[in-house]
Amino acid sequence: GAVVSQHPSRVICKSGTSVKIECRSLDFQATTMFWYRQFPKQSLMLMATSNEGSKATYEQGVEKDKFLINHASLTLSTLTVTSAHPEDSSFYICSARIPRNEQFFGPGTRLTVL
Amino acid sequence: KNEVEQSPQNLTAQEGEFITINCSYSVGISALHWLQQHPGGGIVSLFMLSSGKKKHGRLIATINIQEKHSSLHITASHPRDSAVYICAVEGAGHNTDKLIFGTGTRLQVFP
């Protein structure tokens, strides 16, 4: 199947710093990418839908200024957690899809904010 | 009540057993996905189906649109099948890209 990569896989940062997470579709062009957050032993929570060349659509309760999403090309979307706080510590997963096809998930990024 | 319900929440099995995980949903859908998440966190898409039945190796997924129900079966289970299995649906409508997730079924297969 198609491959989606995420970088970094794990990041530890100090409170107040910003962290950028990259999501790439390696062998296909993804017009739509999704960003999820997952707390321990819970299901995925959709944060935002990212469409290439346009502004991301955020889910209710997700702060746009806190979680900046940029979908600069058909193979790359980035999530920047700005002024990170310990409560932002979580597992962040992206997915990408070809319309009407399966979603392909990245391996996830574990963020720990000290 | 969640729009997507899975049962059981937790499941243990001996190697070789036949396993069934159920998913019921309350919304109209255009497709249903079965996903597998291993302890490391990575998620693999197992099936995407909108009708009938699909089979990949030891995995079989079925869906009954009228009853709003899907099942994932694992034949001849193996310890490497231990993972969380997640059912997710795409709602029918103009925005069908978003997935609605079930809470997952945690499967442990013992040798």
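Just above, that's the structure.
Computed from a prediction, not measured in an experiment: that's the story for all the values here. (Residues numbered from 1 in each chain as written. Chains lettered and ligands numbered in written order. Predicted model: local features only at pLDDT ≥ 70, side-chain atom pairs only at ≥ 80, totals over all residues. Heavy atoms only, no water.)

1. Side note on the pairing of strand E8 (residues 76-81) of chain A
Residue and element names in this part refer to chain A. Inclusion rule: Relative accessibility under 20% of the residue-type maximum defines a buried residue, over 50% an exposed one, and the middle range a partly exposed one, all with a 1.4 Å probe and only protein chains included. Runs of E in the DSSP output that reach at least two residues are strands. Runs of H or I that reach at least four are helices, and both are numbered from the N terminus. Strands are treated as partners if at least two bridges between them are detected by DSSP.
Among the 6 residues that make up E8, 6 are buried, leaving the element largely enclosed by the rest of the structure. Where burial is concerned, the two faces of E8 agree: the one with Leu-76, Thr-78 and Thr-80 and the one with Ser-77, Leu-79 and Val-81 are both buried. Where strand E3 (residues 19-25) and E8 come together, 6 bridges link them in antiparallel fashion. Counterpart to Val-19 in the pairing with E8 is Val-81.

2. What about the pattern of salt bridges?
Residue and element names in this part refer to chain A. Going by this rule: One speaks of a salt bridge when a side-chain nitrogen belonging to Lys or Arg is within 4 Å of a carboxyl oxygen belonging to Asp or Glu.
Taken as a whole and assessed by the stated rule, the structure comprises 5 salt bridges over all chains. Where Glu-22 meets Arg-24, a salt bridge forms, and the shortest distance between an N and an O atom there is 3.4 Å. Looking at Glu-22, the relative accessible area reads 24%, which means it is partly exposed.

3. Focus on the interface of chain A and chain B
We count it as follows: Throughout, a residue-residue contact means that at least one pair of heavy atoms, one from each residue, lies within 4.5 Å. Buried area: the accessible surface (1.4 Å probe) lost by two parts on joining, summed over both. Nitrogen and oxygen atoms within 3.5 Å of one another constitute a polar contact, given that in protein one can donate a hydrogen and the other can accept it, and given that sequence-neighbouring residues count only through two side-chain atoms. Under the scheme applied here, ten amino acids are nonpolar (Ala, Val, Leu, Ile, Met, Phe, Trp, Tyr, Cys and Pro), four are charged (Asp, Glu, Lys and Arg), and all others, including Gly, are polar.
Contact with chain A, which involves 20 residues of that partner, is made by 19 residues of chain B. Around 1,600 Å² of area is buried between chain A and chain B when both sides are counted, 53% of it from carbon and sulfur atoms. Inspection of the region where chain A meets chain B yields 2 salt bridges. For A:Arg97, the salt bridge is made with B:Glu90, and the minimal N-O distance between the two is 3.2 Å. Connecting chain A to chain B are 4 residue pairs in polar contact (both at pLDDT 80 or more). Looking at the side of chain A that touches chain B, the elements with two or more residues in it are strand E4 (32-38), strand E5 (44-51), strand E9 (90-97) and strand E10 (103-105) of chain A. Among the elements that make up the side of chain A that touches chain B, the one with the highest residue count is E4(A) (4 residues). Per-class residue counts for the side of chain A that touches chain B are 8 nonpolar, 7 polar and 5 charged.

4. A closer look at the sheet that holds strand E1 (residues 4-7) of chain A
All names here are of chain A. Definition in use: Note on geometry: axes are lines fitted to C-alpha atoms, helical ones only across the stretch in contact, with angles between N-to-C directions running from 0 to 180 degrees.
With antiparallel pairing, the 4 strands of this open sheet are ordered in space as E1-E3-E8-E7. Both outer strands of the open sheet, E1 and strand E7 (67-73), are each paired with one neighbouring strand and no more. The mean inter-strand angle of the sheet, taken between neighbouring strand axes irrespective of direction, is 15°. Here E1 runs beside E3; their pairing, made up of 4 bridges, is antiparallel. When the bridges of E3 are listed, Ser-5 appears paired with Arg-24.

5. A few points about unusual backbone geometry
Excluding glycine, residues mostly carry a negative phi; peptide bonds, for their part, are mostly trans. Residue A:Pro8 is reached from A:His7 by a cis peptide bond, and omega for that bond is 0°. Its place among the elements puts A:Pro8 in the loop between E1 and strand E2 (10-13). For the bond running from B:Ser7 to B:Pro8, omega is -5°, close enough to zero to count as cis. Examined against the element boundaries, B:Pro8 turns out to sit in the loop between strand E1 (4-7) and strand E2 (10-14). Even without a glycine there, the phi angle at A:Lys41 is positive, about 60°. Mapped onto the secondary structure, A:Lys41 falls in the loop between E4 and E5. Using a relative accessible area of 76% as the deciding quantity, one classes A:Lys41 as exposed.

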